[in-house]
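Spelled out from the first residue to the last, the chains are:
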Amino acid sequence: MYRLRKDLERLKDIRLAQDSLFQETIIEKLVALASRFRKSVTLYYNRDGLCVQACQGDEEVAWRHLRHRTSNRLSWVRAIRCLAPNELAPRGRDKIETASLSLDCMAVIQCDGQATLLLPRVKDGGPTGELDEEIYANYGQLCRLSLNELLSPIEARLGHHRTEKAKAKKTKSAVLVGVEFTKKAYQKKGGCYLDELARLAETAGLKPAIRVKQKLTTPQPGTFIGRGKVNEIRSMVLDKGLDLVLFACDLPYSTLSRLGEFIGVPVIDRSELILDIFAQHAKTNEGRLQVKLARLEHELHRLLKEEKDLDRQAGGIGIRGGAGETSATLVKRRIHRKKLNLEKELDNLAKQRIEGRKRRARSSLARVALAGYTNAGKSTLLNRLVGCEAAKAKDQLFTTLTTTTRRMALPSGRHILLSDTVGFVENLPHHLVAAFESTLAASADADLTLVLMEANEKSLLRHKAAVNEVLEKLGSKAINRLPVLSKVDLLAEEQRSSVRTICGGAVEISAKTGEGIEQLLEVIDALLSRNERELELLIPFNEMNVVNELFAGGRVLKRQWTEEGVRLRTRLPQDCLAEVKQFVVKK
């Protein structure tokens, strides 16, 4: 069958059109070859429309052409088989091949033009080994089908099952451990807020199973908590089959290792858990670099606290050469080298961010930043104010790791730039805050910072203190901050009164229901206008670029065309008066 093989090789060079299941001209030639040589012929195509193999008789496609060979995935190869004149479709062999090789589909064509399409049947997320048959009067109907529309439902059922199965498999259960120290000198080293630790664990994809809390005078040497409590936690892990132990405070690396070896499962402290959440939520290049830098800073911080005494063998002959370097010194040097490379990349990105801030500053638009405790509703408020889903809003901690800035109009017609920043958390180590300094700079540079706090009387004071502490470190002025209580729709009237006494003067809002949003916009408008002066300007026609800048800033109250130029009534901040001093008509 040399001539048949040559003719099939020529057909292999024809590529199928994009999203086309099969091509009518190819089928016509295949039917002609099968009738002429009285032998079945088959062409196998991949998802790119390329013919990977041409077969005759009972030959099958080579396994190397199958992209996936697992039982619960399609192979990304489809076949078109034209039968000999004495054969009827579909044959048992065709069905076995389609099912066993997990072919995307197989079209079996008879010499009279009738077509049968074999598709894998999926149940409970996997192929059943059976096939669905679709019969067409002629192969022209078959060629009009779309490949994506045909296979998408099948792959969706396979993919959905795998995703759900993977999620269920990856969910690990954890013991939450809180420690409270009664001695004043050690109180900051402890951590007893297990509700927040549980939220952090859920955000990281873990399942909080058991909570353990211990009150001590001072940290216990070697284990940080009492040895009896360590044995109790070990028994819980063994009895319940738990996977992790999470501490609500930071522990030395040597203590974590010692506890992990004794308990038999990994032991993670609060900072390490927060870094894992950062890594999961970092979607942009800058976010990933900041997370890597924060992790290196955390490792270096631990090494500086723990002086390791392992020595490296020194060079030299006999007693010459000295004591050598400690292993800690070598590790520190490697970390510093990696840090330097990351900081260079972040510096380049920071320069671009600074240039962007300079351009926004030249536009004379006021800058308003949203700052606050994580999961206080900053992204939800941004989406509500700008009228679209500008930022990803979820009921999770640290959903936002990069700054999102959008332009919006206040009720007075004035335009501002509104920025959403990364959330804060209580007792966040300074070296982790420093890693996100470029992202948090939007809060320090803003003309007004809205400090969002969740209206919860149990945690309000702690969250308020944590946010103000970080803002002070960033250089944000207290006079430029506006306290905002969010999620007030979840409180009863008695609870609202209690919250008002704790945080008096704050604007109460609900970004979800829209309650208090109008009042918030009015307060923002008033605070931004407190350092402005109303002026009347006469701008000649050859200085129309000044008019464009004033309109871009949204500060024009009235416009009148005259013979000398454009007469404008505007409101401008004090630092912009010098730029328009020559055009002032009346103050």
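From a predicted model like this one, the values you see are computed outputs, not experimental measurements. (Residues numbered from 1 in each chain as written. Predicted model: local features only at pLDDT ≥ 70, side-chain atom pairs only at ≥ 80, totals over all residues. Heavy atoms only, no water.)

J.: Quick question: what am I supposed to make of the side chain of His463 here?
T.: Relative to the elements of secondary structure, His463 occurs in helix H15 (residues 460–474). Those residues within four positions of His463 in sequence are excluded, and the remaining contacts are Glu196 and Tyr373. (Helix = DSSP H or I, 4+ residues; strand = E, 2+ residues; numbered from the N terminus. Contact = heavy atoms within 4.5 Å.)

J.: Just checking my understanding: could you explain the pattern of salt bridges for this structure?
T.: Side chains bearing opposite charge may pair, as long as their charged atoms lie close to each other. In total, this model carries 19 salt bridges according to the counting rule given. In this structure, Arg36 engages Asp7 in a salt bridge whose closest nitrogen and oxygen atoms are separated by 3.9 Å. Separated by 29 residues along the polypeptide, Arg36 in helix H2 (residues 24–37) and Asp7 in helix H1 (residues 2–12) bring together distant segments of the chain. The buried category is assigned to Asp7, whose relative accessible area is 10%. Between Arg211 and Asp195 there is a salt bridge, and its shortest N-O distance comes to 2.6 Å. With a gap of 16 residues between them, Arg211 in strand S8 (residues 206–216) and Asp195 in helix H6 (residues 194–203) connect regions that are remote in the sequence. Where salt bridges share partners, they join Asp7, Arg10 and Arg36 into one cluster. (Salt bridge = Lys/Arg side-chain N within 4 Å of Asp/Glu carboxyl O. Buried < 20%, exposed > 50% of the residue type's maximum accessible area, 1.4 Å probe, protein only.)

J.: How should unusual backbone geometry be read in this particular structure?
T.: Phi at Trp76 is positive, roughly 70°, even though this residue is not glycine. Trp76 gets classed as partly exposed once you look at its relative accessible area, which sits at 25%. A positive phi angle, close to 60°, is found at Lys487, a residue other than glycine. Tracing the sequence through the fold places Lys487 in the loop between strand S15 (481–486) and helix H16 (493–502).

J.: Can you walk me through the confidence of the model for the protein chain in this structure?
T.: For any part of a model where pLDDT is low, the fine detail of the predicted coordinates should not be relied upon. Of the residues in the protein chain, 80% reach a pLDDT of 70 or more, and the chain-wide mean stands at 78. Predicted confidence in the protein chain is weakest over helix H13 (residues 430–435), with a mean pLDDT of 60, and strongest over strand S9 (residues 244–247), with 91. Confidence drops under pLDDT 50 across residues 316–321; counting only partners more than four residues distant or on other chains, this segment forms three contacts. (pLDDT = per-residue confidence, 0-100.)

J.: Help me understand the packing of aromatic side chains in this model?
T.: Taken as a whole and assessed by the stated rule, the structure comprises two aromatic pairs. Each ring, one from Phe541 and one from Trp561, has its centre 6.3 Å from the other, and the planes form 10°; the classification is stacked. Separated by 20 residues along the polypeptide, Phe541 in the loop between strand S17 (532–540) and helix H18 (544–553) and Trp561 in strand S18 (residues 556–561) bring together distant segments of the chain. When the ring centre of Trp76 is taken as reference, the NZ or CZ atom of Arg47 above it lies at 4.5 Å. For the cation-ring pair, Arg234 lies above Phe262, with the distance from its terminal atom to the ring centre recorded as 5.2 Å. (Phe/Tyr/Trp six-rings, centres within 6.5 Å; stacked < 30°, edge-to-face > 60°. Lys NZ or Arg CZ within 6 Å of the ring centre and 35° of its normal.)

J.: Got a minute to help me understand the environment of Ala369 in this structure?
T.: Positionally, Ala369 belongs in strand S11 (residues 366–372). As for Ala369 and Thr404, which are separated by 35 residues in sequence, their C-alpha atoms are 9.8 Å apart.

J.: Hey, could you run me through the packing of helix H12 (residues 378–386) against helix H17 (residues 517–528) in this one?
T.: Two packed helices can be described by the angle between their axes and the distance between those axes. Contact pair H12 / H17: the axes reach a minimum separation of 12 Å and the direction vectors enclose 85°. As far as their axial angle goes, H17 and H12 are roughly perpendicular. Contacts from Leu381, Arg384 and Leu385 of H12 reach H17 at Ile517, Leu520 and Leu521. A class-by-class count of the residues in the contact of H12 with H17 yields five nonpolar, no polar and one charged. (Axes fitted to C-alpha atoms, helices over the stretch in contact; angles between N-to-C directions. Parallel < 35°, antiparallel > 145°, perpendicular 65-115°, else oblique. Nonpolar A, V, L, I, M, F, W, Y, C, P; charged D, E, K, R; others polar.)

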